[in-house]
Each structure stands twice: as structure tokens, then as C-alpha cells.
Amino acid sequence: MGCGRVGAALATMLEEDGHEVTVLDVQAAAFRRLPAEFKGRRHVGNGIDQEVLARIGVGGADAFIAVTQGDNRNVMATQMARELFGVKRALCRIYDPIREEIYRNLGLETISPTLVGARLLRETLERAPPAGKTGG
Amino acid sequence: MYIIVIGAGKVGYYLAKELLAEGENEVLVIEKDGAKCERIAEELGDIVLRGDGCEAATMSLAGFGRADMVIAVTGDDEDNLVSCQVAKVKFNVPRTVARINNPKNEEIFRRLGIDATISATAAILAHIEQELPTHPLIPLLTLRMGLEIVGLKIPPTAAVVGKRVGELMLPQQSLIALIIDSRGSPNAPTGQTVIQAEDEVVAVTRTENEGALRAALTAPSTSEPFGAAASGQ
Amino acid sequence: MEYDSLQVQDVLVPVDGSPAGFDALALACTLAKRRKGTVYAVYVIEVARNLALDAELAPEARHGEEVLTKSEDVAAELDYKVEGEILQARDAGHAIVDEAIERAVSAVVMGVDYETPLGEFDLGNTALYVIKHAPCQLVLLRAAARE
């Protein structure tokens, strides 16, 4: 759910791994981010509408991943996939680290790109710079 | 009572005003939009906090920890859900109430622990049910596990008129629980009960089968009205 | 045509312990004297929302008492008297405006320090609110700019 840069890249990777992937976005224009060879289904619709989730067959999915720009939309859709459609793996992106912690404690599988990104940058900084790259 | 209202649109504004008028309440409105905050401050006084009602920092500042009730009435169901959930989980607010814009969200909100939901859409639908003779399916109540109770009136043109309940081809996991005849008498139907025009049918169905159920109960017989005219000759 | 200057009688002065606040108080006494108006010195304790409005805030109340005592001294130097008052409110600006309405004063005299938190002068939200919303005359005394 959410065909932004992350959603499109993730959908492509998962398909390359051999999974059947369906992409949902509120805007048809978002699907331009998918490569031409992407075979999965593309659906236009609102992921926090249970009728939409039923229509695209979330009930039969092994995993549901919410990566829209809205933390709250992701949180709500993920909980709907779990509670209403019994999806076993429901992953959710939450930018706000505090909210992420709250929902992790409630049992959602959550990722905060804010914290992950900051940690990656710190680790990169702490490593020695690659040799021969200084001064160009 | 200390009552926190999230969202200062029309609903939030009038709600805060009424709660204040009761006199006993301490009320705080949380709103992101500066202009809406100013309107509240000008007209209702110093009872507004500008910020995001889903953000834990704002919630701490607002004193959610001592709130007796949180009422989330923004125009976005997902924001109302998260405000109420965080209020419950992180701040132990005893009672949370959410406005829902999509009446279908009632069940998920309840299952996620929100104490009460209010849907203007559902309230209006319930109200106009009696007014419209051939109104489509009315969702009356959302049950657990994707089931719901719906009501509809059998139009005189429907193919099911004159058929027994046992003969009906209903979608999976749908059943007719109650038939109210045109004189207003409620009956628990058996397989032998005959469907009459203008019967009000209360049925249980799965959310995704709503459309199929409506079609099964309201679709006109294919030869109407000429068939009926022909048989009369 | 004769000009009847400054019809000031009762005056409200917010005091917070800053020099600008005491200067404003001195100015208020001078203005009120001519018509023997009352000068109200108001100290506002802003109470965070996570506390009840009537919460016991001992250190803040003590500071308020000190500021009001000093206010009396300032007035005494000018042979005048003030009525001191401590208020608890969520927002000082609202409290000052509400009090000005309640007391039906003819002017608010308010002092602001020359604060440059982000490199340039910032009036502050409280003063801004009072300037916008006070129903009576408002005299603003800004402290001298510092180099």
C-alpha cells in the first residue's frame, strides 16, 4: 500500500524474489514509478477503506506492507489487515519514532525510517572515509 | 471533567462550545491549523492548543495524562483512530470517543479499543431509511468477523415476491433474521415464510456480500412488467 | 479647540520581575496620579496543561509575592500605591486582557525587554496578544536596545 519510491522499489524487489505482488495507491499516476516489466496487479484505491482491501484480496495475502506518506494511514491500514482480514505479517512504516514505539509495543511490525536513517548516517560517519576519495 | 477535543472544524468548535456551556468541564481543543486556533481563542477563550493531536509531545503538553475523556473529531478517520489509541495506550485516558466519517470503520475502531464511535453518515442513513421506499441496503450494525446486520424493503417489482424464504438464492453466510410485514408485525421467518412486497427484511451478511444480497432481494424478475400484464389477460 | 490629554484613570500593569515591567509600573503610577486612578500590578503564573489550573505552585507563587513586594516599593518611591494580584492562567496574554476587561481599566501599561532570541528583536507572544486584544488604551514601554 503506497506506491511511492519505497513502495515501488520494494514491490519490484519482492517480485524479483518470486512473490506475487499487488500494489495499491490512491493515485494512478504513482504507478509510473514501477518498472515496465513489473507484472503484479496495480489497484487505485484507499487502503483504509475495508471494501477496497476486500476487493483487492487482502484476505488471501501472506503479507501486507503499508508505506504511504501518512503514519496514521499506515497504522490504520495495517491494523485493518491484521484484525479484519487475518493477514499474518503486517508491516508498517511510521516516521514518528514515538508513535512507532507505541505501535511496536501493541504488536505491529514497524519500521521508523527516521531512526534507521539517522543511525545509518552516524555509522557511516564513524567509519573511516574510503581511501583515495579525499580531495578528488 | 477534563475533556480534550481533537480537531477544531465545525464539529470540534460546537462540541467545545457545548461542553463549556455545561459549566463543570475543563475543555481543551487541539488543532493544527493556525486560523482555526485563532477563531476558537477569540470566541471561546484560552482553551486551544496548536499542534498535532497524534503526536506524543503535543499530547504530553496538553496534559492527556490527567484527561477524563478524549474526543477525536477531525475529518480523517485515521487521525482520529491514532489519537484515541495513543490516548488509551500511552496516557491511560479512561474514555475515548472517535468521529468516524466512513461508517464501515465502526467495527475496526471498536476492535482496536476505542470506547465509542459516532458516524454522522450512519445516523443520517438510519434516519432516512423509512423515508425512502426503495432505499438500498441500510447497514444497521457491524458485528464481529466481518459480519453485519442490514435492512432493506422488498420492492413490489422484486423477483422474490411470492417466493418462500427456503427457495431464495442468497450469497454465502447470509441469512434472513427477521421480516417485518407491511402492517408492521415482526416475524422470525422459517423456510416456508413467503416474501411479500413491502416486507422489511433484516438480514445478517458478510460485508463483501452486501451487494450480492441486495441484488438477490431486489432484482426485478426478468419479464416484468410485461409478464405480469400478460398473465393477467 | 481644547485637547484633553490622556484620559487615564485606572491602569493595569503586568509585572514579571523584569526591569521593563517595573519601569512600566513607574510610568503607570505617574499616569494614574493625575486623576487618582488605581494601579493594578498583575503577576501571571502560566500553568502547564498537564496540571490543573488551580494547582499549588509554591515556588512560582513565592516569586510572584516577591515581584509584588518590589512593585509596592517602586510605587512608594513615587508616593503612590499599587494593588497587587497573582493570577494562575494557561496563557498570560489572555489573562491580562481578561483582567483589563474585568477591572474596566482605562489603560494597560506594559513593559517588554529588548530580547533578540533569533538575532532580531522579538516582541513575544504575550505582548503581541495584549496589543491585539486589549479593549482599552495600551502603552508599550520597550527597554532600551543593547549593543
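Rules used throughout
- Residues numbered from 1 in each chain as written.
- Chains lettered and ligands numbered in written order.
- Predicted model: local features only at pLDDT ≥ 70, side-chain atom pairs only at ≥ 80, totals over all residues.
- Helix = DSSP H or I, 4+ residues; strand = E, 2+ residues; numbered from the N terminus.
- Rg over C-alpha atoms; globule rule 2.2 N^0.38 Å.
- Buried ≥ 20, exposed ≤ 12 C-beta atoms within 10 Å, placed from the backbone.
- Contact = placed C-beta atoms within 7 Å.
- Pairing = 2+ DSSP bridges.
- Expected span 1.5 Å × (residues − 1).
- Axes fitted to C-alpha atoms, helices over the stretch in contact; angles between N-to-C directions.
- Left-handed = near helix turned anticlockwise from the far one by under 90°.
- Nonpolar A, V, L, I, M, F, W, Y, C, P; charged D, E, K, R; others polar.
- Domains from an automatic or database assignment.
- Arc of directions from axis to C-beta.
- Parallel < 35°, antiparallel > 145°, perpendicular 65-115°, else oblique.

1. Looking at the overall build of chain C
Logical step 1: When you go through chain C residue by residue, the secondary structure sums to 4 helices and 5 strands.
Logical step 2: Of the regular secondary structure in chain C, the N- to C-terminal order runs β-α-β-α-β-α-β-α-β.
Logical step 3: A compact globule built from 147 residues should have a C-alpha radius of gyration of about 15 Å, and chain C, at 15 Å, falls within 12% of that.
Logical step 4: Each principal axis of the C-alpha distribution contributes one length, and for chain C these read about 55 × 35 × 30 Å.
Logical step 5: Each of the 147 residues in chain C was classed as buried or not, and the buried ones make up 33%.
Logical step 6: Of the contacts formed within chain C by residues at least 6 apart in sequence, a portion of 75% connects residues at least 24 apart.

2. Observations concerning the arrangement of the chains
Logical step 1: Highest in contacts among the 2 pairs of chains that touch are chains A and B.
Logical step 2: Kept free of each other, chain A and chain C leave a smallest C-alpha distance of 19 Å between them.

3. Structural notes on the pairing of strand E9 (residues 175-180) of chain B
All names here are of chain B.
Logical step 1: By the bridge criterion, 5 bridges tie E9 to strand E11 (residues 200-206) in an arrangement that is antiparallel. Note on E11: the bridge partner recorded for Leu175 is Val204.
Logical step 2: In this structure, E9 lies alongside strand E10 (residues 186-187), joined through 2 bridges in antiparallel fashion. When the sheet's bridge partners are listed, Ile180 is paired in E10 with Pro186.
Logical step 3: In textbook terms, the turn of a hairpin is the stretch between consecutive antiparallel strands, and for E9 and E10 this stretch comprises 5 residues, one of which, Gly184, has a positive phi near 90°.

4. With respect to helix H3 (residues 92-103) of chain C
Residues and elements named next belong to chain C.
Logical step 1: The end-to-end C-alpha distance of H3, which contains 12 residues, comes to 16 Å, matching closely the 16 Å that a straight helix rising 1.5 Å per residue would cover.
Logical step 2: When H3 is considered as a whole, its buried residues turn out to be Ala92, Gly93, Ala95, Ile96, Val97 and Ala100.
Logical step 3: Those residues of H3 that are buried are in contact with strand E1 (11-14), strand E2 (39-46), strand E3 (82-89), strand E4 (107-112) and helix H4 (125-133).
Logical step 4: Where H3 terminates, the next one or two residues include Ala104, which has phi positive at roughly 50°.

5. Let's talk about the interface of chain B and chain A
Logical step 1: Tallying the contact residues gives 19 residues for chain B and 19 residues for chain A.
Logical step 2: Those elements that place two or more of their residues in the side of chain B that touches chain A are helix H4 (77-91) and helix H5 (106-111) of chain B.
Logical step 3: A per-element tally of the side of chain B that touches chain A places H4(B) first, with 8 residues.

6. Regarding the packing of H3(C) against H4(C)
Residues and elements named next belong to chain C.
Logical step 1: The N-to-C vectors of H3 and H4 enclose an angle of 35°; their axes lie 8 Å apart at closest approach. In this structure, H3 meets H4 at a crossing whose hand is right-handed. When H3 is examined against H4, the residues Ala92, Gly93, His94, Ile96 and Val97 are found in contact with a partner set consisting of Asn125, Thr126, Tyr129, Val130 and His133.
Logical step 2: Residues belonging to the contact of H3 with H4 are distributed by class as follows: 5 nonpolar, 5 polar and no charged.

7. Things to note about the domain arrangement of chain B
Logical step 1: For chain B, the domain assignment lists domain 1 (2-123) and domain 2 (131-218).
Logical step 2: If you average the C-alpha positions of domain 1 of chain B and of domain 2 of chain B, the two centres end up 37 Å apart.

8. Description of the sheet that holds strand E4 (residues 89-93) of chain A
Residues and elements named next belong to chain A.
Logical step 1: If you trace the 3 strands from one edge of the open sheet to the other, you get E3-E4-E5, paired in parallel fashion. Looking at which strands have only one partner, the edges of the open sheet turn out to be strand E3 (63-66) and strand E5 (109-111). Each neighbouring strand pair of the sheet contributes to a mean axis angle of 15°, computed without reference to strand direction.

9. Details of helix H2 (residues 58-77) of chain C
Residues and elements named next belong to chain C.
Logical step 1: If you check H2, its first and last C-alpha atoms are 29 Å apart, about what 20 residues at 1.5 Å a residue would give, namely 28 Å.
Logical step 2: All of the buried residues in H2 are Gly64, Val67, Leu68, Ser71, Val74 and Ala75. What you see down the axis of H2 is that its buried residues fit within an arc of 115°, all on one side. Across from the buried face of H2, at angles greater than 90 degrees, the exposed residues are Ala58, Pro59, Arg62, Glu66, Thr69, Asp73, Ala76 and Glu77.

10. Considerations on the packing of helix H1 (residues 19-33) of chain C against H2(C)
Residues and elements named next belong to chain C.
Logical step 1: At a minimum axis distance of 9 Å, the contact between H1 and H2 shows a crossing angle of 45°. On the basis of the axis angle, H1 is oblique to H2. Helix-helix and strand crossings are classified by hand; for H1 and H2 the assignment is right-handed. Packed against H1, whose contacting residues are Phe22, Leu25, Ala26 and Cys29, the element H2 presents Lys70, Ser71, Val74 and Ala75 at the interface.
Logical step 2: Class assignment of the residues belonging to the contact of H1 with H2 gives a composition of 6 nonpolar, 1 polar and 1 charged.

11. So, the sheet that holds strand E4 (residues 69-72) of chain B
Residue and element names in this part refer to chain B.
Logical step 1: One open sheet accounts for 6 strands, arranged E3-E2-E1-E4-E5-E6; its pairing is parallel. Only two strands of the sheet have a single neighbouring strand rather than two, namely strand E3 (48-50) and strand E6 (116-118). The average angle at which neighbouring strand axes cross in this sheet is 20°, direction not considered.
Logical step 2: When strand E1 (residues 2-6) meets strand E2 (residues 26-31), the two strands line up parallel, connected through 5 bridges. Looking at E2, one finds that Tyr2 is bridged to Glu26.
Logical step 3: Across the sheet, helix H2 (residues 34-44) touches E2 and E3, and the angle it forms with E3 is around 165°.
Logical step 4: Here H4 sits on the sheet and contacts E1, E4 and strand E5 (95-99); the angle it forms with E5, its principal contact strand, is near 175°.

12. A closer look at the interface of chain C and chain B
Logical step 1: Chain C puts 7 residues into the contact, and the matching count from chain B is 10 residues.
Logical step 2: Its residues assigned to classes, the side of chain C that touches chain B shows 2 nonpolar, 2 polar and 3 charged.

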